[in-house]
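Residue-level structural notes
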Amino acid sequence: MSTIFGRILNGEIPATRVWEDEDGVAFRDVNPQAPTHILLIPRKPIARLSEMAAEDAPLIGRLMHAATQIAAQEGLTDARYVINDGAGAGQTVFHLHIHIIGGRDLGWPPG
Ligand code: AMP
């Protein structure tokens, strides 16, 4: 099933891309919750984290590493990496994505 992020991946919908490689694409969130708010998505259309297969583990690991590199590229020394898994956890787009959030002090617990 194609989502809005699938349409960003294939260029149908514009996005401000900040990074990409063969595994994934990162672009700025259209409704940022902090001065830096980036979404990192795999090119592979995994709907949600709990639907990843064991064979996806190396891919997800590389994306988590890429997330730290993107945060550094953004000049963040501290950052929050968030994956909402399911509607009850706040997921609204069912193409797996890692939120990279920073640039201000972040409270805990989140809402
Ligand atoms: P989640 O609630 O975890 O599924 O996160 C979805 C995120 O996608 C939200 O933070 C939205 O602001 C963001 N979003 C939705 N549509 C777009 C878009 N076209 N470009 C960039 N970010 C988007």
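First, a word on what this report is: a plain description of the structure on this page.

1. Examining the layout of surface pockets
A volume near 690 Å³ is recorded for the largest pocket. Taken together, 31 residues make up the lining of the largest pocket; nearest its centre are D29, N31, Q33, H37 and H99. Elements that contribute at least two residues to the lining of the largest pocket include exactly α1 (4–9), β2 (24–28), β3 (36–42), β4 (80–82) and β5 (98–102). Broken down by element, the residue count for the lining of the largest pocket peaks at three residues, all from α1. When its residues are assigned to classes, the lining of the largest pocket shows 15 nonpolar, 12 polar and four charged.

2. Points about the packing of aromatic side chains
Centre distance and the angle of the planes are the two values used to describe a pair of aromatic rings. This model, assessed by the stated rule, comprises one aromatic pair. Ring centres 5.4 Å apart and planes at 75 degrees place the aromatic pair F5 and F27 in the edge-to-face group. Of this pair, F5 sits in helix α1 while F27 is found in strand β2, placing the two residues 22 residues apart along the sequence. Summarising the burial analysis for this pair, F5 and F27 share the class buried.

3. Brief notes about the site of the ligand
Close to the ligand lie 16 residues, the nearest being D29, G90, T92, H97 and H99. H99 is positioned with one of its side-chain polar atoms (N or O) 2.8 Å from an oxygen atom of the ligand. Look at the ligand: alone it shows 510 Å² of surface, and the protein chains cover 83% of it. The site holding the ligand turns out to be the largest pocket. Of all the secondary-structure elements, those providing two or more residues to the shell around the ligand are α1 and β2. Residue contributions to the shell around the ligand peak at three residues, all from α1. Residues belonging to the shell around the ligand are distributed by class as follows: seven nonpolar, seven polar and two charged.

Quick notes on the rules
- Residues numbered from 1 in each chain as written.
- Predicted model: local features only at pLDDT ≥ 70, side-chain atom pairs only at ≥ 80, totals over all residues.
- Heavy atoms only, no water.
- 1 Å grid on protein atoms, 1.4 Å probe; cavity = no way out; pocket = protein on both sides within 12 Å on 5 of 7 lines; lining within 4 Å.
- Points joined across faces, edges and corners; volume = space filled by probe spheres on them.
- Helix = DSSP H or I, 4+ residues; strand = E, 2+ residues; numbered from the N terminus.
- Nonpolar A, V, L, I, M, F, W, Y, C, P; charged D, E, K, R; others polar.
- Phe/Tyr/Trp six-rings, centres within 6.5 Å; stacked < 30°, edge-to-face > 60°.
- Buried < 20%, exposed > 50% of the residue type's maximum accessible area, 1.4 Å probe, protein only.
- Near = heavy atom within 4 Å.
- Polar contact = N/O pair within 3.5 Å; in protein donor to acceptor, adjacent residues only side chain to side chain.
- Areas by Shrake-Rupley, 256 points an atom, 1.4 Å probe, with all protein chains shown as cover.
- Sits in = over half its atoms within 2 Å of the grid points.

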